[in-house]
Structures are given as structure tokens and as C-alpha cells.
Amino acid sequence: VPLLLPADATWLCTQVAVAVVWVIEICQFAELRFIALRVLNLIIQRHRPAIVYEKLSAFRCTYEEPCYLKMEKLEILLLLASDRNVEMLIAEFAR
């Protein structure tokens, strides 16, 4: 089995990240969203796909969500923190 080249791995992680963000936004089951968030957390740590920065609203916490989902979303938001989106992140933490 040939190994993936770095460019191929980045492309593949971007495609997977798009699908995982879609699951986070659409899925009604908290357990499945948690699994998707964990997968996305690992992808972000390794590859930081740009598509995730465009979908920061998918990581907003709501009152009805279980605590473990909120914690995972906040961890992802901390990983994605940058100068460009710091105001939005501070507003999220202030809620």
C-alpha cells in the first residue's frame, strides 16, 4: 500500500473535515456529534484545514447541549483561535 504524499493527506483531511462539520451541524444525536467533534479535533491538530475556519458557527455552544459537547466545542475553538477571529471567540466564551 503506497503512503500518502503530504499534499494528498491535506486534501483528504480537508474532504473529511467538510463531511464531519456537516455531521456536526445536521445530526440530532449528541453522541454522534461528540464522535464527529473528536475526529475533527484530531484533524485540526494535525492538518488545520482552512474550511474549518469558515465554519466557526458550527462550534457555537447552546444551552440545551450536554456538557461534554460544550467542552469539546470549546476545545476546538481554542485550537482555531487567531488574530482574525478572536473577537468572535471572546464573545462565545462570554455567553
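Just above sits the structure.
For clarity, every value in this text was computed on a predicted model and none was experimentally measured.

(A) Broad picture of the packing of aromatic side chains. Summed over all chains, the structure comprises 1 aromatic pair. Ring plane angle 85 degrees and centroid distance 5.4 Å describe the contact between Phe34 and Tyr68, whose orientation is recorded as edge-to-face. With Phe34 in helix 2 (residues 30-47) and Tyr68 in helix 4 (residues 67-79), this residue pair connects regions lying 34 residues apart in the sequence. For Tyr68, a relative accessible area of 36% corresponds to the partly exposed category.

(B) Focus on the pattern of salt bridges. Scanning all chains against the criterion turns up 3 salt bridges. A salt bridge links Glu25 to Lys55; the shortest N-O distance between them is 4.0 Å. In this pair, Glu25 sits in helix 1 (residues 6-26) while Lys55 sits in the loop between helix 3 (50-54) and helix 4, placing the two residues 30 residues apart along the sequence. For Glu25, a relative accessible area of 37% gives the class partly exposed. On the basis of relative accessible area, Lys55 is assigned to the partly exposed category, the value being 33%. As a salt-bridge pair, Lys73 and Glu65 come within 2.4 Å of each other at their nearest N and O atoms. When its relative accessible area of 5% is taken as the criterion, Lys73 is described as buried.

Conventions we followed
- Here the residue numbering is sequential within each chain, running from 1 through the sequence in written order.
- Side-chain atom pairs in this predicted model are given and counted only at pLDDT of 80 or more, local residue features only at pLDDT of at least 70, and totals for whole chains, interfaces and linings cover all residues.
- Side-chain calculation: all heavy atoms of the structure are included, whereas hydrogens and water are not.
- Two rings from Phe, Tyr or Trp (for Trp, the six-membered ring) form a pair when their centres are within 6.5 Å of each other. A pair whose planes differ by under 30 degrees is stacked, one over 60 is edge-to-face, and the rest are tilted.
- Every helix listed is a DSSP run of H or I at least four residues long, and every strand listed is a run of E at least two residues long, numbered separately from the N terminus.
- Per-residue accessibility, obtained with a 1.4 Å probe over protein chains only, is compared with the maximum for each type, and a residue is labelled buried under 20%, exposed over 50%, and partly exposed between these values.
- A pairing counts as a salt bridge when a side-chain nitrogen of Lys or Arg comes within 4 Å of a carboxyl oxygen of Asp or Glu.

Scope: geometric values only; no functional claims are made or implied.
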